[in-house]
Amino acid sequence: PMSTATTVSSQPSIWRLGMVDWRFAFGVYAAVVVGQFAINSTVSAIMYATSDDFSGHVDQSAMNAAFSTGIYILIAQIITTTTDLRAASLSGASRRTLALSTYVHSAVVIAIASVIWWVLALAQSHIFFLGSLEYPLGLDSWLFVAVAWIACDGAGRLIGAASRHGRGPWSVALGIIVATVLGLAGIAGPVTWLVLTLVHKSGYLPPMHPAFWFLGLITLAVAAAGWRLTLTGRIRRLN
């Protein structure tokens, strides 16, 4: 007789591993973005109601959301490459599958954050209490912000994965310190591009010097090192 047994994959998919506890994770992200927008909008509304000269006030709601997103991705990736990766290893998935699954959360957050960025950037001039948009935002600004988010992901995984490669408490501490410095340097590259480009478009400075593009080499190195460290190293099993 024909067997009716259901064929089951021996390993969970990258997507399923990366989206474990997604409701809680995205709930926290929504709280962060909505919270910072509510606080900044309240402060701006108070200034609008009390200031005689509100025209000079600039509230970059899109930039505030982007900054909050970067902090969230950095912290979330540290957690993902430590606690979450250990929990996911119990599934029996290969190291490559586990490593790739750590990118899912950040990729989804970056996609959502990009939509939020464009909504806020386009709505800025139509929300009366947010003031004028002194620093113009466009496609180039979004690209720099997206690279900064990717750099935050790389920095977070570099810091988190570094803790799994030390052979003792001192080597682990040193690894985390070095990874933190390199990670922040990687984030500084696209942030510098964004700031200098916006200031130039506002007419305050000449175009950004081409030498600043070399900061991207640090960002690439951090992303590559983060991938390598995520793929390797000990994973302490959860009890």
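Above this note sits the structure.
Here's a quick rundown of the structure. (Residues numbered from 1 in each chain as written. Predicted model: local features only at pLDDT ≥ 70, side-chain atom pairs only at ≥ 80, totals over all residues. Heavy atoms only, no water.)

Considering the packing of aromatic side chains
A complete count under the given rule lists six aromatic pairs for this structure. Between Tyr-103 and Trp-227, the aromatic rings sit 6.0 Å apart at their centres with planes inclined by 45°, giving tilted as the arrangement. Of this pair, Tyr-103 sits in helix α4 (residues 95-123) while Trp-227 sits in helix α7 (residues 215-231), and the two are 124 residues apart along the sequence. The class for Tyr-103 is partly exposed, based on a relative accessible area of 26%. Judged by its relative accessible area of 23%, Trp-227 falls in the partly exposed class. Through pairs of rings, three or more aromatic residues link up here, namely Phe-144, Trp-193 and Trp-213. Over the aromatic face of Tyr-103 sits the side chain of Arg-157, whose NZ or CZ is 3.6 Å from the ring centroid. (Phe/Tyr/Trp six-rings, centres within 6.5 Å; stacked < 30°, edge-to-face > 60°. Helix = DSSP H or I, 4+ residues; strand = E, 2+ residues; numbered from the N terminus. Buried < 20%, exposed > 50% of the residue type's maximum accessible area, 1.4 Å probe, protein only. Lys NZ or Arg CZ within 6 Å of the ring centre and 35° of its normal.)

Considering the packing of helix α3 (residues 61-89) against helix α5 (residues 139-162)
Two elements in contact, α3 and α5, have axes separated by 7 Å at closest approach and are oriented at 30°. Viewed along their axes, α3 and α5 adopt a mutual orientation that is roughly parallel. Seen from above, α3 lies across α5 with right-handed handedness. Seen from α3, the contacting residues are Ala-66, Thr-69, Gly-70, Ile-73, Leu-74, Gln-77, Ile-78, Thr-81 and Thr-82; seen from α5, they are Val-145, Trp-149, Cys-152, Asp-153, Ala-155, Gly-156, Arg-157, Ile-159, Gly-160 and Ala-161. (Axes fitted to C-alpha atoms, helices over the stretch in contact; angles between N-to-C directions. Parallel < 35°, antiparallel > 145°, perpendicular 65-115°, else oblique. Left-handed = near helix turned anticlockwise from the far one by under 90°. Contact = heavy atoms within 4.5 Å.)

Brief notes about the packing of α5 against helix α6 (residues 169-201)
Close contact between α5 and α6 brings their axes to 8 Å; oriented N to C, the two are set at 175°. Put simply, α5 runs roughly antiparallel to α6. In terms of residue class, the contact of α5 with α6 is made up of 19 nonpolar, six polar and two charged. (Nonpolar A, V, L, I, M, F, W, Y, C, P; charged D, E, K, R; others polar.)

Some thoughts on the environment of Val-172
Along the chain, Val-172 turns up in helix α6. Looking at Val-172, the relative accessible area reads 17%, which means it is buried. Put simply, Val-172 and Ala-162 are ten residues apart on the chain and 7.1 Å apart in space, counted from C-alpha to C-alpha. When neighbours within four sequence positions are excluded, Val-172 is seen to be in contact with Ser-163 and Gly-166.

A short note on α5
The end-to-end C-alpha separation of α5 is 34 Å, in line with the 34 Å expected for 24 residues at 1.5 Å each. Burial within α5 is extensive, with 18 of its 24 residues counted as buried. (Expected span 1.5 Å × (residues − 1).)

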